Amino acid sequence: MQSATSSQLGLTHRSGSLQESLSGKVILTVAASAFVAICAHISLPLPFTPVPLTLQNFAVILVGMLLGPVAGFSAMVLYLAEGAMGLPVFTPHSVGGVAHLLGPNAGYLFSYPLAAATAGWAVRVMQRITTRFRAGLVAATVASAPIFLLGAGWARSSAPHRHCSHMDHGHRPFPSR
């Protein structure tokens, strides 16, 4: 008589990654959104700009590189939706909810889905050509561009005093005097 193994009973588990199933993708997307929210709370307010220094950019780029362009984009859209609903996912140094999405750092927030997708796409393309480390460096650098351009551009356009250079505050966090 032959003993019943787990494979004969149909109890074998497919040894795929979480990214291969729909439920796994949902779990990763929610976890990535939570990771970005945690990194948003690790922040340092700067006295010369309304935009605090946070770990959000790091988290957004890392999420994009790890999850890929589609899931990374989806995680960041979920993050923005959570914040718009009033959940405390944005930096604790300002108002939450929709008001935060209309404030001086809204450009940075709205750039996150694009930055995550860019990071995911760039790391996939670059891994074919070079090492993983170099691919990550290039992807992070390329994905930083939309964050800077949209963030500093929004800060400049929403500035109450158009004569002062708020673009400088967006890209030069420590201006020399």
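Before any of the text, the structure's been laid out above.
No experiment lies behind these values; they were computed from the predicted model shown.

Quick notes on the rules
Residues numbered from 1 in each chain as written. Predicted model: local features only at pLDDT ≥ 70, side-chain atom pairs only at ≥ 80, totals over all residues. Heavy atoms only, no water. Helix = DSSP H or I, 4+ residues; strand = E, 2+ residues; numbered from the N terminus. Contact = heavy atoms within 4.5 Å. Core = buried A, V, L, I, M, F, W, Y, C linked by side-chain atoms within 4.5 Å. Buried < 20%, exposed > 50% of the residue type's maximum accessible area, 1.4 Å probe, protein only. Phe/Tyr/Trp six-rings, centres within 6.5 Å; stacked < 30°, edge-to-face > 60°. Axes fitted to C-alpha atoms, helices over the stretch in contact; angles between N-to-C directions. Parallel < 35°, antiparallel > 145°, perpendicular 65-115°, else oblique. Left-handed = near helix turned anticlockwise from the far one by under 90°. Nonpolar A, V, L, I, M, F, W, Y, C, P; charged D, E, K, R; others polar.

Caption draft 1: Quick peek at the side chain of Thr29. Of note, Thr29 is situated in helix α1 (residues 22-40). Apart from residues no more than four positions distant in its own chain, Thr29 is found in contact with Ala71, Ser74, Ala75 and Leu78.

Caption draft 2: A look at the environment of Thr49. Along the chain, Thr49 turns up in the loop between β1 (43-44) and β2 (53-54). Along the chain, Thr49 and Pro104 lie 55 residues apart, while their C-alpha atoms are 9.4 Å from each other.

Caption draft 3: Spatial organisation of the nonpolar core. Formed by 32 residues in total, the largest nonpolar core has its most connected members in Met76, Tyr79 and Tyr112. Every element with two or more residues in this core is listed here: α1, α2 (56-67), α3 (69-84), α5 (106-127) and α6 (132-157). For this core, the element with the most residues is α5, which contributes 8 residues. Beyond its immediate sequence surroundings of up to four residues, Tyr79 is in contact with Ser33, Val36, Ala37, Ala40, Gln56, Val89, Phe90, Leu109 and Tyr112.

Caption draft 4: Here's a closer look at the packing of aromatic side chains. Going through the model one piece at a time under the given rule, you end up with 1 aromatic pair. Note on Tyr79 and Phe90: the rings are 5.5 Å apart at their centroids and 85° apart in plane angle, and the pair reads as edge-to-face. Pair noted here: Tyr79 is in helix α3 and Phe90 is in the loop between α3 and α4 (98-101), with a separation of 11 residues, a long-range link. Classification of Tyr79 by relative accessible area gives buried; the value is 0%.

Caption draft 5: Layout of the packing of α5 against α6. Here α5 crosses α6 at 160°, and the two axes come no closer than 7 Å. Looking at the two axes, α5 sits roughly antiparallel to α6. Regarding α5 and α6, the two cross each other, and that crossing is right-handed. Class assignment of the residues belonging to the contact of α5 with α6 gives a composition of 19 nonpolar, 6 polar and 1 charged.

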